[in-house]
Amino acid sequence: MLLTAHSMTQHTLPTDKKAFIFDLDGVLVDTATFHYQAWKRLANSLGFDFTWQQNEKLKGVSRQQSLEYLLDWGNVDLPSTEKQRLAARKNDWYLELVAGMTHWDVLPGAFRLLRAAQAKGIRTALGSASKNAQLILAHTRTAECFDAVIDGNSVSRSKPHPEVFLNAARALDVPVSDCLVFEDAQAGIEAAIAAGMQVVGIGHPADLKGADMVVPGLVDLTL
Ligand code: BG6
Ligand code: MG
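Residues numbered from 1 in each chain as written. Chains lettered and ligands numbered in written order. Predicted model: local features only at pLDDT ≥ 70, side-chain atom pairs only at ≥ 80, totals over all residues. Heavy atoms only, no water.

## Quick word on helix 5 (residues 110–119)
All of the buried residues along helix 5 are Ala110, Leu113, Leu114 and Ala117. In a view along the axis of helix 5, the buried residues occupy a sector of 100 degrees, so they form one face of it. Away from its buried face by more than 90 degrees, helix 5 exposes Arg115 and Ala119. If you follow the buried residues of helix 5, they end up packed against strand 2 (19–22), strand 3 (123–127), strand 5 (179–183) and strand 8 (221–222). Backbone geometry just after helix 5 places Gly121 at a positive phi near 80 degrees. (Buried < 20%, exposed > 50% of the residue type's maximum accessible area, 1.4 Å probe, protein only. Helix = DSSP H or I, 4+ residues; strand = E, 2+ residues; numbered from the N terminus. Arc of directions from axis to C-beta. Contact = heavy atoms within 4.5 Å.)

## Here's the deal with helix 4 (residues 80–98)
In a regular helix each residue adds 1.5 Å, so 19 residues correspond to 27 Å; helix 4 covers 27 Å between its end C-alpha atoms and thus fits that length. Taken residue by residue, helix 4 has Lys83, Leu86, Ala87, Lys90, Asn91, Trp93, Tyr94 and Val98 as its buried positions. The buried residues of helix 4 occupy an angular sector of 160 degrees when the element is viewed end-on, so they sit on one face. Facing away from the buried side of helix 4, by more than 90 degrees, are the exposed residues Thr81 and Glu96. Its buried side turned inward, helix 4 meets helix 1 (31–45), helix 3 (63–73) and helix 6 (133–140). (Expected span 1.5 Å × (residues − 1).)

## Details of the environment of Ile189
As for its position among the elements, Ile189 is in helix 8 (residues 186–195). It is 6.8 Å that separates the C-alpha atoms of Ile189 and Leu208, two residues lying 19 residues apart in sequence. Sequence-distant contacts of Ile189, that is, excluding residues within four places in its chain, are made with Glu183, Val199, Gly201, Leu208, Lys209, Gly210 and Ala211.

## Points about the domain arrangement of the protein chain
Domain annotation of the protein chain identifies domain 1 (4–30 + 107–222) and domain 2 (32–98). Between the C-alpha centres of domain 1 and domain 2 there is a distance of 24 Å. Facing 15 residues of domain 1, the contacting portion of domain 2 comprises 15 residues. If you sort the residues of domain 1 by the area they bury against domain 2, Asp30, Asn132 and Asp207 come out on top, with a joint share of 34%. Run the count over domain 1 and domain 2 and you get 0 salt bridges. One can count 6 residue pairs in polar contact (both at pLDDT 80 or more) joining domain 1 with domain 2. (Domains from an automatic or database assignment. Buried area = accessible area lost by both parts, 1.4 Å probe. Salt bridge = Lys/Arg side-chain N within 4 Å of Asp/Glu carboxyl O. Polar contact = N/O pair within 3.5 Å; in protein donor to acceptor, adjacent residues only side chain to side chain.)

## Here's the deal with the coordination of the magnesium ion (ligand 2)
Around the magnesium ion (ligand 2), the protein contributes the donor atoms Asp23 (OD), Asp25 (O) and Asp184 (OD), which lie 2.0 to 2.1 Å from the metal centre. Given a relative accessible area of 12%, Asp25 falls into the buried group. (Donors = N, O, S within 2.8 Å, 3.2 Å for Na, K, Ca; no water.)

## Considering the pattern of salt bridges
The tally for this structure, following the rule as stated, stands at 10 salt bridges. Measuring nitrogen to oxygen at the nearest pair gives 3.1 Å for the salt bridge that ties Lys159 to Asp23. Of this pair, Lys159 sits in the loop between strand 4 (148–150) and helix 7 (163–172) while Asp23 sits in the loop between strand 2 and helix 1; the two residues are 136 residues apart in sequence, bridging distant segments of the chain. Per residue, the accessibility class of Lys159 equals that of Asp23, and both read buried. For the salt bridge of Arg41 with Glu96, the shortest nitrogen-to-oxygen distance reads 3.9 Å. Taken together, the positions of Arg41 in helix 1 and Glu96 in helix 4 put the pair 55 residues apart, joining distant regions of the chain. Overall, Glu96 belongs to the exposed group, its relative accessible area being 55%. Members of the salt-bridge network, linked through shared partners, are Asp23, Lys159 and Glu183.

In structure tokens:
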């Protein structure tokens, strides 16, 4: 018998939505663990460590903002040129980790949900803080699953600011109240709420306050 980490209960999504907006890291693919490993490697190289719980704060926020949190935890003060260098180093390590990703790394339930949404005429967008989003979509051959892609290259403000989700709704030409967001980060939940959208949390309820519904993974959802 195949054992899976997800719950046996299926949660039904609201039927009145016209658009689904998906976060990428930690929702469609398990790259949140790669971000964690790369940040941990950087912190360790600077002589300190941080907890799994502190890492929750890094989820969903931009590379530069994540570095600011990290340096703050380590009490490290650096000029901005050095910060750029460290952010680039972390990204190099992150890219090494994602280099081997394929179609098979898309998390369980993602393709099924995307196909079900498309079959019902629900528009789909990616709403990610990552500047590597297009690369991950290419590795996993998922770009064609989305009607619009808004990523870290097309926003100026990091989640919890709602810019990424507002841009996605605009790109899809769907009112915010008709959009449903899928997010694994507290910053992302807050961004969706600030955008005026309902949001499904992916992960543990304690880490996803304010979500309209929380499930362990996309595999636990039916449309
Ligand atoms: C988010 C991740 O999706 O993208 C964060 O949750 C990450 O952990 C952020 O820092 C920016 O990603 P990137 O790939 O541009 O460094
Ligand atoms: Mg995420």
